[in-house]
Amino acid sequence: MAEQSKAETKIDAEEAKTVPANADAGSGMPDEATEIAVENEAEEGTQVSVDEVEEIKPEEAEVKRPKAVPKKDRRGSKAVMKELEAMRELAEGNREKYTRLLAEFDNMRARNEKENKKMFDYGAMDALEKLLPVVDNFERALQNVKEEEKTGFEQGIEMIYKQLMEYMQGLGVEPMNAAGQEFNPDFHNAVIHVEDENYGENVIVEEMQKGYMYKDVVLRHAMVKVAN
């Protein structure tokens, strides 16, 4: 009995240690320190134990899994597709407009280049045509001087004439050399008609004044003598 009494006294002493000294024994309510300890314990989290576990078979899980909604049925997809189709039509229309404008620009550039070249040719023809009488005078002067009678002066005139002709040929001017050709009113002006059995019909016997071509255009018609 003495040992039992000692054990109970020891237990009462340990319980007394767990109760704070400033606790109100009569009220039975926890003091401020006790409330803070409870709050800290709540903040750390509460452990929950699960006593029952439900097992689900794989086929049942596949059935219960929510199925994905097709893209065409999703909210807003029809509006997006409609807008995308409108943008495609707009892009195709802009591409056609760009192609048409590019073709028109190329055509306009080609026309401008052709017109500019034609205007340049007209200006060049006007200047070259005014030089032809000078060329005629050079040729008449050289024809009246025999080869053995040429001095340094005549040789200098001949060199100037050759240089002038080379310059004009570089610009596209070429003599027609109509003698012996068939008469063509597009290139020749007939000033004399003669009857000569040695030539065929409408054959140019003599070139009275040289005709010249500028590229593929007549710069000056040739004045010719035509037989038969």
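Residues numbered from 1 in each chain as written. Predicted model: local features only at pLDDT ≥ 70, side-chain atom pairs only at ≥ 80, totals over all residues. Heavy atoms only, no water.

What follows is about the overall build of the chain. When helices and strands are tallied, the chain shows five helices and six strands. Listing every helix and strand of the chain by position from the N terminus yields α-α-α-α-α-β-β-β-β-β-β. With 228 residues in all, the chain has 16% of them scored as buried. A separation threshold of at least 6 residues defines the contact pool for the chain, and within that pool the share at least 24 residues apart is 61%. (Helix = DSSP H or I, 4+ residues; strand = E, 2+ residues; numbered from the N terminus. Buried < 20%, exposed > 50% of the residue type's maximum accessible area, 1.4 Å probe, protein only. Contact = heavy atoms within 4.5 Å.)

Moving on to the packing of aromatic side chains. Taken as a whole, this structure holds one aromatic pair when the rule is applied. Each ring, one from Phe-138 and one from Tyr-161, has its centre 6.3 Å from the other, and the planes form 40°; the classification is tilted. One end of the pair, Phe-138, is in helix 4 (residues 77-143); the other, Tyr-161, is in helix 5 (residues 152-171), with 23 residues separating them in the sequence. (Phe/Tyr/Trp six-rings, centres within 6.5 Å; stacked < 30°, edge-to-face > 60°.)

Before going further, it helps to examine the sheet that holds strand 1 (residues 173-175). Strands in a sheet are paired, the pairing made by backbone hydrogen bonds, and the direction either parallel or antiparallel. Strand order in the open sheet formed by three strands is 1-4-5, with antiparallel pairing between adjacent strands. In the strand order of this sheet, the two ends are held by strand 1 and strand 5 (217-220), each with one partner. Here the average twist between neighbouring strands, direction ignored, is 35°. Strand contacts of helix 5: strand 1 and strand 4 (212-214), with the helix running at about 115° to strand 1, the strand carrying the most contacts. (Pairing = 2+ DSSP bridges. Axes fitted to C-alpha atoms, helices over the stretch in contact; angles between N-to-C directions.)

This part covers the confidence of the model for the chain. Averaged over every residue, the pLDDT of the chain is 78; residues scoring 70 or more account for 67%. No element of the chain has a lower mean pLDDT than helix 1 (residues 2-18), at 46, and none a higher one than strand 4, at 95. Counting contacts from residues 1-30, a segment whose pLDDT is below 50, to residues more than four positions away or on other chains yields three contacts. (pLDDT = per-residue confidence, 0-100.)

A full pass over the atoms with the stated rule returns 11 salt bridges. Of the charged contacts, one joins Asp-136 and Arg-220 as a salt bridge, the two residues approaching to 2.9 Å between their closest N and O atoms. Taken together, the positions of Asp-136 in helix 4 and Arg-220 in strand 5 put the pair 84 residues apart, joining distant regions of the chain. Just as Asp-136 is buried, Arg-220 falls in that class too. The salt bridge partner of Lys-150 is Glu-158, with a shortest N-O separation of 3.0 Å. Judged by its relative accessible area of 15%, Lys-150 falls in the buried class. (Salt bridge = Lys/Arg side-chain N within 4 Å of Asp/Glu carboxyl O.)

For the rest of this paragraph, the subject is helix 4. Over its 67 residues, helix 4 runs 96 Å from end to end, which matches the ideal 99 Å to within 8%, given 1.5 Å per residue. At Leu-132, helix 4 shows its largest bend, some 25°, and a proline, Pro-133, comes one to four positions later. When helix 4 is considered as a whole, its buried residues turn out to be Ser-77, Asp-121, Ala-124, Met-125, Leu-128, Leu-132, Val-135, Asp-136, Phe-138, Glu-139 and Leu-142. For helix 4, the secondary structure elements touched by its buried residues are helix 5, strand 1, strand 3 (203-209), strand 4 and strand 5. (Expected span 1.5 Å × (residues − 1). Bend = angle between axes of the 7 residues up to and from the residue.)

With respect to topology, three strands assemble into an open sheet ordered 2-6-3, the strand pairing being mixed. The open sheet is flanked by strand 2 (188-194) and strand 3, the only strands paired with a single partner. When the angles between neighbouring strand axes are averaged without regard to direction, this sheet yields 35°. Bridge analysis of strand 2 against strand 6 (residues 222-227) gives six bridges, and the strand direction is parallel.

With 15 residues, the main nonpolar core has Val-135, Met-168, Val-173, Tyr-212, Tyr-214 and Leu-219 as its most contacted residues. Among the secondary structure elements, those contributing two or more residues to this core are helix 4, helix 5 and strand 4. The element best represented in this core is helix 4, accounting for seven residues. Met-176, Ala-178, Ile-204 and Ala-222 belong to the second largest nonpolar core, which has seven residues in total. (Core = buried A, V, L, I, M, F, W, Y, C linked by side-chain atoms within 4.5 Å.)

So, on to a nonpolar patch on the surface. Judged by side-chain polarity, Tyr-98, Leu-102, Phe-105 and Met-108 come together as a nonpolar surface patch covering roughly 420 Å² of accessible area. Summarising the element assignment, Leu-102 is placed in helix 4. The exposure class assigned to Leu-102 is partly exposed, which follows from its relative accessible area of 38%. (Patch = residues over 30% accessible without salt bridge, like charges linked within 9 Å, V, L, I, M, F, W, Y side chains within 5 Å. Areas by Shrake-Rupley, 256 points an atom, 1.4 Å probe, with all protein chains shown as cover.)

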